[in-house]
Amino acid sequence: MLFSLVGVAQVPAAHKTENVVVVMMDGMRWEEIFRGADPELIKTLGPEALGDAKERTTDAQHLYWRDTQAERRQALMPFLWSVVASQGQIFGNRDLGSDSHVINGLNFSYPGYSETLTGIADPRVHSNDNVPNPNATVFEWLNNKPAFSGKVAAFGAWAVFQGIFREKQCGFLVNAGYDPLTAIPATPQIELLNDLKAETPRIWSDEPFDPLPFHTAIEYVKAVKPRVLFLGLGDTDDWAHDGSYAEYLNAAHRDDVYLRQLWDLLQSMPEYQGKTTLIVLPDHGRGLGAEWTSHGEKIPASRETWMAFLGPDTAAKGERKQVGPVTESQIAATVAALLGEDYHAAVPKAGTAVKEVLGK
Ligand SMILES: [Zn+2]
């Protein structure tokens, strides 16, 4: 035991990160992240999907189909591939010997978020019911420390983040689902976002479209400047379940635009510039071929994920190749370690931090 503890230094001696932002894209497959639009699936959107550019018949084909995988993924996620992957690190490209996955065995949302945010794949977490998490998240653990108290916040499209983060007991703001933001003084922007949340037609009963939580989180960042922020985006998963490959791609691309907007905002603010780490990942993967719309215990491929890191303590190793596997259960300890805190020592059941992204 002693040897393993000595061998796993969880907190680097020096770190520049003072703030961490975790953005999760619900059910976003590693396949599209690393390979771009799928040739078989995009063919289904129109009769001339892969032909000459002028013959492509739908907007999604024009926007996301290119001749090579490298061009296709760049077209889909330009910020991820031009900034995150060149200045940070991204894991999960199985074509290059990098594996990222969930260990919860269920491959759906609440267990995935819970594993990621608590570091534990707890068998008591086995449904998507909006019930309090049996375990505290690393966000709650940090908020209980004086240095972070009152400087933690979570925004999410999905109402079930109320349960995942235990909003009634966690002590920090959880703004999820169709909840209006009332925790801070209203501004014209916040009033408009709250009105749109209330008035926009509800395609999904427990989740508004991503622009609402995204722009709400942006207003909160400008006003409160939290040190630890979560943003959960849901459109990718919802459109996939609905079987719309075009809207799934559009949602992924929109998330990429949001990542750029968020990163640019943070780098324009003295509280964040040069001392903020961004982590981006999904909560599970999806099936292959015709099963792309779904995920879960009976779809083994949906355990496969990916994860990206960008910040002052993460060496610019880019797209990782031939590297050991990483798991979603390691994210909680990684968030803490980037901030100089040893979560794994406090919660030994949690996964260990991803050492590859700690310390340049
Ligand atoms: Zn999900």
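Before reading further, recall that the structure is shown in the block above.
Since we're looking at a predicted model, the values are computed, not measured.

**Student:** Would you take a moment to explain the nonpolar core for this structure?
**Tutor:** Among soluble globular proteins, nonpolar side chains are generally buried collectively. Counting 58 residues, the largest nonpolar core has Ile33, Ile90, Phe155, Leu278 and Trp306 as its most contacted members. The greatest single-element share of this core, amounting to 11 residues, is contributed by helix α13 (residues 245–267).

**Student:** Is there a simple way to explain the packing of helix α6 (residues 78–87) against α13 in this structure?
**Tutor:** When two helices pack together, their arrangement is given by the angle between the helix axes and the distance between those axes. At a minimum axis distance of 8 Å, the contact between α6 and α13 shows a crossing angle of 40°. Classified by the angle their axes make, α6 and α13 are oblique. Contact with α6, carried on its side by Pro78, Phe79, Leu80 and Ser82, involves His253, Asp256, Leu259, Arg260 and Trp263 of α13 and no other residues of that element. Of the residues contributing to the contact of α6 with α13, the split by class is 5 nonpolar, 2 polar and 2 charged.

**Student:** Just checking my understanding: could you explain the coordination of the zinc ion for this structure?
**Tutor:** Note on metal geometry: ideal angles are 109.5 degrees for four donors arranged tetrahedrally and 90 or 180 degrees for six donors arranged octahedrally. Within the first shell, the zinc ion binds the protein through Asp26 (OD), Ser109 (OG), Asp283 (OD) and His284 (NE2), at distances of 1.9 to 2.1 Å. With 4 donor atoms in place around the zinc ion and angles of 97 to 130° between them, the coordination shape is tetrahedral. Considered as a linear motif, the donors of the zinc ion on their single chain read D-x82-S-x173-D-H. Residue His284 is classed as buried on the basis of its relative accessible area of 0%.

**Student:** Even after reading the chapter, I still don't get the sheet that holds strand β5 (residues 173–176), so can you show me in this structure?
**Tutor:** Strand pairing in a sheet is mediated by backbone hydrogen bonds. Such pairs are either parallel or antiparallel. One open sheet accounts for 8 strands, arranged β5-β4-β6-β1-β7-β8-β2-β9; its pairing is mixed. Only two strands of the sheet have a single partner each, and these edge strands are β5 and β9 (318–319). With 2 bridges joining them, strand β2 (residues 89–91) and β9 adopt parallel strand pairing. Its bridge partner being in β9, Gln89 is matched across the sheet by Gly318. Those strands touched by helix α11 (residues 211–224) are β4 (152–156), β5 and β6 (228–233), and its axis lies near 160° from that of β4. Lying over the sheet, helix α14 (residues 331–338) contacts β1 (19–25), β7 (276–281) and β8 (307–310), oriented at roughly 170° with respect to β7.

**Student:** What's the story with unusual backbone geometry in this structure? I'm lost.
**Tutor:** The general pattern is negative phi for most residues beyond glycine and trans for most peptide bonds. Within the chain, Asn107 stands out as a residue other than glycine whose phi angle is a positive 60°. Relative to the assigned elements, Asn107 resides in the loop between β3 (100–101) and α7 (109–118).

Reading the values: the criteria
Note on numbering: residues in each chain are counted from 1, in written sequence order. Totals for whole chains, interfaces and linings use all residues, but because this is a predicted model, local features are given only for residues with pLDDT of at least 70 and pairs of side-chain atoms are given and counted only at 80 or more. Only hydrogens and water are set aside when side-chain values are computed; all heavy atoms of the structure are taken into account. As used in this record, nonpolar core signifies buried Ala, Val, Leu, Ile, Met, Phe, Trp, Tyr and Cys residues forming a set joined through side-chain atoms within 4.5 Å. Note on exposure labels: buried denotes an accessible area under 20% of the residue type's maximum, exposed denotes more than 50%, and partly exposed covers the range between, all computed with a 1.4 Å probe on protein chains only. Numbered from the N terminus, helices here are DSSP runs of H or I no shorter than four residues, and strands are runs of E no shorter than two. Angular values range over 0 to 180 degrees, each being the angle between N-to-C directions of two axes fitted as lines to C-alpha atoms, with helices fitted over their stretch in contact. Under this scheme an angle from 65 to 115 degrees is roughly perpendicular, one under 35 degrees roughly parallel, and one over 145 degrees roughly antiparallel; angles in between are oblique. Contact definition: two residues touch when any of their heavy atoms are within 4.5 Å. Charged means Asp, Glu, Lys or Arg here, nonpolar means Ala, Val, Leu, Ile, Met, Phe, Trp, Tyr, Cys or Pro, and polar covers whatever is left, Gly included. Shown as donors are all N, O and S atoms within 2.8 Å of a metal ion, widened to 3.2 Å for Na, K and Ca; because water is not in the atom set, sites may appear incomplete. Metal sites are grouped by the angles between bound donors: all angles between 85 and 135 degrees with four donors is tetrahedral, opposite donors over 155 degrees apart with the others between 65 and 115 is square planar for four donors and octahedral for six, and any other pattern is irregular. At least two DSSP bridges between two strands are needed for those strands to be called paired.

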